[in-house]
Amino acid sequence: MMKNTMKDMMKGIALGILLVAAVIAGQTALTGAVGFHTAELAGGTALAFLFYYTIFRMCRKRREASAKKNG
């Protein structure tokens, strides 16, 4: 059980790093097309979305684990 949990955590961390790298690459590409400030706004919005998605997902997983444990 613990080994699978650690493996899932490592997959999540790797996915997070890849997503942040993709946002940075997209932001860099947008800088040339629409300007720095617009690209910065788009990149910041994408990172904020990823942050809140991660928080909500952790809460949901914790709630599901608690429900599974209790009943």
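The structure displayed is predicted, hence computed values, not measured ones.

A few points about the overall build of the chain
So, step 1. Looking only at helices and strands, one finds two helices and zero strands in the chain.
So, step 2. Each principal axis of the C-alpha atoms in the chain carries an extent, and together these give about 55 × 20 × 10 Å.
So, step 3. Out of the 71 residues belonging to the chain, those deemed buried represent 6%.
So, step 4. Accessible area of the chain: about 6,300 Å², with a carbon and sulfur share of 70%.

Here's the deal with a nonpolar patch on the surface
So, step 1. The grouping of Phe51, Tyr52, Ile55, Phe56 and Met58 at the surface amounts to a nonpolar patch, some 560 Å² of accessible area in total.
So, step 2. Mapped onto the secondary structure, Tyr52 falls in helix H2 (residues 36-70).

Here's the deal with the packing of aromatic side chains
Pairs of aromatic rings are described using the distance from one ring centre to the other and the angle between the two planes.
So, step 1. Here the structure, examined in full by the defined rule, presents two aromatic pairs.
So, step 2. Both rings, one in Phe49 and one in Tyr53, keep their centres 6.3 Å apart while their planes meet at 20 degrees; by these two values the pair is stacked. With a gap of four residues between them, Phe49 and Tyr53 both fall in helix H2, about one helical turn apart.
So, step 3. In this structure Phe49 comes out as exposed when scored by relative accessible area, which is 58%.
So, step 4. A ring pair is formed by Phe51 and Tyr52, whose centres lie 5.2 Å apart and whose planes are at 70 degrees; its orientation type is edge-to-face.
So, step 5. For Tyr52, a relative accessible area of 49% translates into the label partly exposed.

Here's the deal with the environment of Leu30
So, step 1. In this fold, Leu30 is placed in helix H1 (residues 2-34).
So, step 2. In this structure Leu30 comes out as partly exposed when scored by relative accessible area, which is 35%.
So, step 3. Apart from residues lying up to four places away in sequence, Leu30 is in contact with Gly35, Ala39 and Ala42.

Cut-off values and rules
Residues numbered from 1 in each chain as written. Predicted model: local features only at pLDDT ≥ 70, side-chain atom pairs only at ≥ 80, totals over all residues. Heavy atoms only, no water. Helix = DSSP H or I, 4+ residues; strand = E, 2+ residues; numbered from the N terminus. Buried < 20%, exposed > 50% of the residue type's maximum accessible area, 1.4 Å probe, protein only. Areas by Shrake-Rupley, 256 points an atom, 1.4 Å probe, with all protein chains shown as cover. Patch = residues over 30% accessible without salt bridge, like charges linked within 9 Å, V, L, I, M, F, W, Y side chains within 5 Å. Salt bridge = Lys/Arg side-chain N within 4 Å of Asp/Glu carboxyl O. Phe/Tyr/Trp six-rings, centres within 6.5 Å; stacked < 30°, edge-to-face > 60°. Contact = heavy atoms within 4.5 Å.

Don't take any of this as a statement about function, it's just geometry.
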